[in-house]
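Letter by letter, the chains look like this.
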Amino acid sequence: MFLLAYFNHPAMLAWLAAAAAPLIIHLLNRRRHREMEWAAMQYLLAAVQKHSRRIRVEQWLLLAVRVSLIVLVVLALADPFLAHTGLKFVASGERAHKVFVIDASYSMTYRAAETSRFERSKQMAAQLVAESQQGDGFSLVLLASPPRVVVGAPAFDRQVFLEEIESLRPIDSGADLPAALARVEEILAAARNESARLAREEIYLFSDLARNTWLGGTRGREALAEFRQRSQRLAASATLVLADLGEDDAENQAVVDLRVAAPFVTPAREITIEADVHNFGRQNRPRQLIELFVDGRGAGESHLELAAGETQAASFSYRFDAPGEHQLEVRLAGDSLAVDNHRWLALPVVNQLRVLCVNGKPAGESFQGATDYLMVALAPNGPTDDRSLISPEVVTERSLLELDLAQYDCVMLANVAQFTASEARLLNTYVRDGGGLVFFLGDQVQADNYNQQLAAGDGVNLLPARLGDRAPANRERPYFFNPLGYQHPMIAPFRGRDRAGLLTTPVYEYVKVIVPKDTAPQDSSAKVALAFDNGDPAIVEKRTGRGRAILVTTAADASWSALPLWLSYVPIVQELVAEAVHGKIDQRNLRVGQTLAGDVRAAPSEGVVSVSTPAGETKPVRLASDGGLNRWSFGEPEQSGVYRVEFGPPLLHEELFAVNIDPAESDLTKITPEELRDEVWPGVPFEPYGWQASPGSPAAPITRRDSLHRWLLLAALVLVLAEPALACWLGRRSA
């Protein structure tokens, strides 16, 4: 261990010259007096000479106290500190509880040389553990989203703890710094009660200081205030050490999105595949190669001109020959951060979409029932026509609980009077798992039941808008549609097509609805796709879980409008289905940390489900009964890639799920020291240890700084109080 002294404000040391003031004053006072000899003084001089040595020592002692007082004040203003290499302490008898917080977000896999940031952080942490004194306790937290507590209660066996560090692996996610510090606070609080022998607390945080982690995770006044208060509490009770593993000039490009320009995919139809690539660096990247792979085989390539800070889209065309489970992958030419150079898309290809139409008002005559016009709009050549993209099926509302909704891509409810709690839960599960649900209203609908069961009943929040009263019926002056600028994807195809009849479709009756505003996260809030000319909503859609629910405030038959008789009816119904089934693709494409889940038709004792991970591991999954459904779920994947879910006897089929990263972590821009002190940790004392080693060089040893200014001020205060007493006492002795 090396012990070195430094000053935070060395310029203040110039004031040490003021320490000469007492000496100068003393010398000047001696020269002011003129010596004269006279008889009486001879006797006094004899007495003084007898005690001159003692008096001289006492004078120098008093002078030293006054000089030391000035020196101590000046040194305190210069803010000196002692640097202890290896973070060992002078008070070696005190045992410390050391909490290591290692950033495991995927930006830490960036390789400026042969070793990644994450591997360097593990090496530094292992070095600190090896240099710790006997009796210290160790805890370990992974900074991820959410954070993982690897070792909570203090571990005293160094070798076992070092093995835990060695076994750490990065996670393909971002990092939640506020939540990680909350876990640290909990660990320290528990250790104070259980391990009283640990007198000190030290927190070591290893991170690349990415802006997304340090500034993005504390958005909102309340969240920021809570984060700062927790940080101040931790810094007050523990020594907070921050190791910087980032590089200021890190360059990175990433595939940030992969999609197909179609709500569903069928064989023999050419689709467009689009991939967005963003350049997060400061340098332009000309002719950046990007490749498309379908089921592991090369299917196309393109070159992009990537300017610094810009996004470019690559477009590919492809035609599938057969239905089934397929996977798409785009690969970007490699750079120092490999994990975001790939992106996957799991794509179920089907011969036909299966749509279930629930008839709430059956009728014996043609085109008198609630779903008769729907069947024609969905399959103009008949429900048994194999050439149709949609295969519709009609049931009554009584059959809803008897069906396995998972086999249908979309469920359309036409003039259904009411729902039981069981039916509401069934529909809610169906939509949350990626199904599409479309409500058509009518004279049978009981608004209070809809609002109670579908909008506020037992965790069910399916209805995009609460139902109100019926609008006044007026066949002489009907209502007409307002496309709201054709902004919504369902209505956009009607732009510039006046002959489609959307704007001239007369509607005689509808139900007024109340659309909630700012009551849900942005990705699940209700949106008005089409309105009436008086401003009332006509079509409202809402994302719920991985699926979509759509509410049409008029009827599907001709009882409330001429819509089924108009040219606009078939395209509107087709667009409703297309928008509703988007969730089927979304269900198979998740982000790291989201749970893989679904339903199976086998009994829990019969079905065997296993998941094959991108790393090649196969893990069994248990089935559980949930409200009459047999559900499977596979935790929260920590690795991006394609997961293959295999269903054993009696099902014998498989499903593909693509798990991708959140591209926000691909931005490697670091926060500045000023931002760290002023915006993240204002007033929070911490020890900043820059780790800006050149690529390939060994890690610089971390040192601890012990500030001395408080001790110097305390010593100066003692001298201020002691100097008058000492001067008085010496004066009496001299007399």
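What you see is a predicted model; the values in this text were computed from it and never measured.

Calculation rules
Residues numbered from 1 in each chain as written. Predicted model: local features only at pLDDT ≥ 70, side-chain atom pairs only at ≥ 80, totals over all residues. Heavy atoms only, no water. Helix = DSSP H or I, 4+ residues; strand = E, 2+ residues; numbered from the N terminus. Buried < 20%, exposed > 50% of the residue type's maximum accessible area, 1.4 Å probe, protein only. Contact = heavy atoms within 4.5 Å. Core = buried A, V, L, I, M, F, W, Y, C linked by side-chain atoms within 4.5 Å. Pairing = 2+ DSSP bridges. Axes fitted to C-alpha atoms, helices over the stretch in contact; angles between N-to-C directions. Salt bridge = Lys/Arg side-chain N within 4 Å of Asp/Glu carboxyl O. pLDDT = per-residue confidence, 0-100. Left-handed = near helix turned anticlockwise from the far one by under 90°. Nonpolar A, V, L, I, M, F, W, Y, C, P; charged D, E, K, R; others polar. 1 Å grid on protein atoms, 1.4 Å probe; cavity = no way out; pocket = protein on both sides within 12 Å on 5 of 7 lines; lining within 4 Å. Points joined across faces, edges and corners; volume = space filled by probe spheres on them. Phe/Tyr/Trp six-rings, centres within 6.5 Å; stacked < 30°, edge-to-face > 60°. Patch = residues over 30% accessible without salt bridge, like charges linked within 9 Å, V, L, I, M, F, W, Y side chains within 5 Å. Areas by Shrake-Rupley, 256 points an atom, 1.4 Å probe, with all protein chains shown as cover. Parallel < 35°, antiparallel > 145°, perpendicular 65-115°, else oblique. Lys, Arg positive; Asp, Glu negative; His and termini not counted. Polar contact = N/O pair within 3.5 Å; in protein donor to acceptor, adjacent residues only side chain to side chain.

Brief notes about the overall build of the protein chain
Stage number 1. When helices and strands are counted, the protein chain shows 15 helices and 34 strands.
Stage number 2. Across the 735 residues that make up the protein chain, the buried fraction comes to 49%.
Stage number 3. Here the contacts in the protein chain between residues at least 6 apart in sequence split such that 75% fall between residues at least 24 apart.

Digging into the nonpolar core
The nonpolar side chains of soluble globular proteins are, as a tendency, buried together.
Stage number 1. Membership of the largest hydrophobic core comes to 43 residues, with the highest contact counts inside it found for Met412, Val438, Phe440 and Leu576.
Stage number 2. Of all the secondary structure elements, the ones that give two or more residues to this core are strand E15 (353–359), helix H9 (372–378), strand E17 (410–414), strand E18 (436–440), strand E22 (527–532), strand E23 (537–544), strand E24 (547–552) and helix H12 (569–580).
Stage number 3. Excluding its chain neighbours within four sequence positions, the residues that come into contact with phenylalanine 440 are Leu374, Met412, Leu413, Ala414, Asn415, Val552, Thr554, Ala555, Ala556 and Leu576.

Topic: the sheet that holds strand E12 (residues 311–319)
Stage number 1. Spatially, the three strands line up as an open sheet ordered E8-E9-E12, and their pairing is antiparallel. Looking at the sheet topology across the chains shown, the edges are occupied by strand E8 (253–260) and E12. Going across the sheet, the axis of each strand differs from the next one's by a mean of 20°, ignoring polarity.
Stage number 2. As defined by bridge partners, strand E9 (residues 270–279) adjoins E12 across nine bridges and the pair is classed as antiparallel. For glutamate 270, the partnering residue across the bridge sits in E12 and is arginine 319.

Re the pattern of salt bridges
Stage number 1. A full pass over the atoms with the stated rule returns 35 salt bridges.
Stage number 2. For arginine 230, the salt bridge goes to glutamate 185, with nearest N and O atoms at 2.8 Å. Of this pair, arginine 230 sits in helix H8 (residues 221–237) while glutamate 185 sits in helix H6 (residues 177–194), and the two are 45 residues apart along the sequence.
Stage number 3. Relative accessible area serves as the criterion here: at 14%, arginine 230 is assigned to the buried category.

Quick word on the confidence of the model for the protein chain
Stage number 1. On average, the protein chain scores 85 in pLDDT, and the residues at 70 or more come to 84%.
Stage number 2. Segment residues 519–523 is flagged for pLDDT under 50; beyond a separation of four residues in sequence, or across chains, it makes three contacts in the model.
Stage number 3. This model gives residues 691–705 a pLDDT under 50, and the stretch forms 47 contacts once residues within four places in sequence are excluded.

Description of the packing of H6 against H8
Stage number 1. The contact between H6 and H8 brings their axes to 10 Å, and the two run at 40°. Of the two possible hands of crossing, H6 and H8 adopt the one that is left-handed. On H8, the residues that touch Leu177, Pro178, Leu181, Ala182, Val184, Glu185, Leu188 and Arg192 of H6 are Phe227, Arg230, Ser231, Arg233, Leu234 and Ser237.
Stage number 2. Here the contact of H6 with H8 is built from residues that sort into eight nonpolar, two polar and four charged.

Focus on the pairing of strand E7 (residues 239–244)
Stage number 1. Of all six residues making up E7, six are buried, and the element is well covered by its neighbours.
Stage number 2. Along E7, one buried face is formed by Thr239, Val241 and Ala243 and the opposite face, lined by Leu240, Leu242 and Asp244, is buried too.

Concerning empty space enclosed by the protein
Stage number 1. Overall, the coordinates contain three cavities of 30 Å³ or more when judged by the stated rule.
Stage number 2. Forming the boundary of the largest cavity are Phe440, Phe481, Leu530, Phe532, Ala538, Ile539, Val552, Thr553, Thr554, Leu563, Ile572 and Leu576.
Stage number 3. Among the secondary structure elements, those contributing two or more residues to the lining of the largest cavity are E22, E23 and H12.
Stage number 4. Looking at the lining of the largest cavity residue by residue, the class counts come to ten nonpolar, two polar and no charged.

What about the packing of aromatic side chains?
Stage number 1. Throughout the structure, instances matching the rule amount to 19 aromatic pairs.
Stage number 2. Pairing phenylalanine 100 with phenylalanine 206 gives two aromatic rings, centres 6.4 Å apart and planes at 10°, and the pair type is stacked. Within this pair, whereas phenylalanine 100 is found in strand E3 (residues 95–103), its partner phenylalanine 206 is found in strand E6 (residues 198–207), the two being separated by 106 residues in sequence.
Stage number 3. The exposure class assigned to phenylalanine 206 is buried, which follows from its relative accessible area of 0%.

Re the sheet that holds strand E28 (residues 618–621)
Stage number 1. The mixed open sheet is built from five strands, whose spatial order is E25-E32-E31-E27-E28. Single-partner strands in this sheet number two, and they are strand E25 (589–591) and E28. Within this sheet the neighbouring strands show an average axis-to-axis angle of 30°, counted without direction.
Stage number 2. Where strand E27 (residues 609–612) meets E28, four bridges bridge the pair, whose relative direction is antiparallel. Note on E28: the bridge partner recorded for valine 609 is valine 621.

Things to note about unusual backbone geometry
Stage number 1. Note that the residue after serine 145, namely proline 146, is joined by a cis bond; omega there is 0°.
Stage number 2. As for its placement among the helices and strands, proline 146 is situated in the loop between strand E4 (137–143) and strand E5 (148–155).
Stage number 3. For leucine 209, which is not a glycine, the phi torsion comes out positive at approximately 55°.
Stage number 4. Examined against the element boundaries, leucine 209 turns out to sit in the loop between E6 and helix H7 (211–214).
Stage number 5. Classification of leucine 209 by relative accessible area gives buried; the value is 6%.
Stage number 6. If you check the backbone angles, phenylalanine 367 has positive phi at about 60° while not being a glycine.
Stage number 7. Mapped onto the fold, phenylalanine 367 is located in the loop between E15 and H9.
Stage number 8. Relative accessible area serves as the criterion here: at 39%, phenylalanine 367 is assigned to the partly exposed category.

What about the environment of proline 472?
Stage number 1. Relative to the helices and strands, proline 472 is located in the loop between strand E19 (466–470) and strand E20 (481–482).
Stage number 2. C-alpha separation for the pair proline 472 and tyrosine 508, spaced 36 residues apart in sequence, amounts to 8.4 Å.

With respect to a nonpolar patch on the surface
Stage number 1. On the surface, Trp711, Leu714, Leu717, Val718, Val720 and Leu721 cluster together into a nonpolar patch covering about 650 Å² of accessible area.
Stage number 2. Within the secondary structure layout, leucine 714 lies in helix H15 (residues 709–734).

Things to note about the packing of helix H4 (residues 117–131) against helix H5 (residues 158–166)
Stage number 1. Close contact between H4 and H5 brings their axes to 10 Å; oriented N to C, the two are set at 175°. In this view, H4 runs roughly antiparallel relative to H5, as classed from their interaxial angle. Side by side, H4 and H5 meet where Lys122, Ala125, Ala126, Val129 and Ala130 of the first sit next to Arg158, Phe161, Leu162, Ile165 and Glu166 of the second.
Stage number 2. Tallied by class, residues from the contact of H4 with H5 come to seven nonpolar, no polar and three charged.

Regarding the side chain of aspartate 409
Stage number 1. Inspection of the secondary structure puts aspartate 409 in the loop between strand E16 (390–396) and E17.
Stage number 2. Lysine 584 is the oppositely charged side chain nearest to the buried, salt-bridge-free aspartate 409, at an N-O distance of 4.8 Å.

Section: the environment of serine 195
Stage number 1. For serine 195, the position within the fold is in the loop between H6 and E6.
Stage number 2. Judged by relative accessible area, which is 12%, serine 195 ranks as buried.
Stage number 3. Spatially, the C-alpha atoms of serine 195 and glycine 137 are 8.9 Å apart, while their sequence positions differ by 58 residues.
Stage number 4. Excluding anything up to four places from it in sequence, serine 195 contacts Pro154 and Phe156.

Points about the side chain of aspartate 557
Stage number 1. Positionally, aspartate 557 belongs in the loop between E24 and H12.
Stage number 2. The side chain of aspartate 557 sits in the buried core without any salt bridge; lysine 361 is the nearest counter-charge, 5.9 Å away.
Stage number 3. A distance of 2.6 Å separates polar atoms of two side chains, one belonging to aspartate 557 and the other to serine 559.
Stage number 4. Leave out the neighbours within four places in its chain, and aspartate 557 touches Gly369, Ala370, Tyr373 and Pro564.

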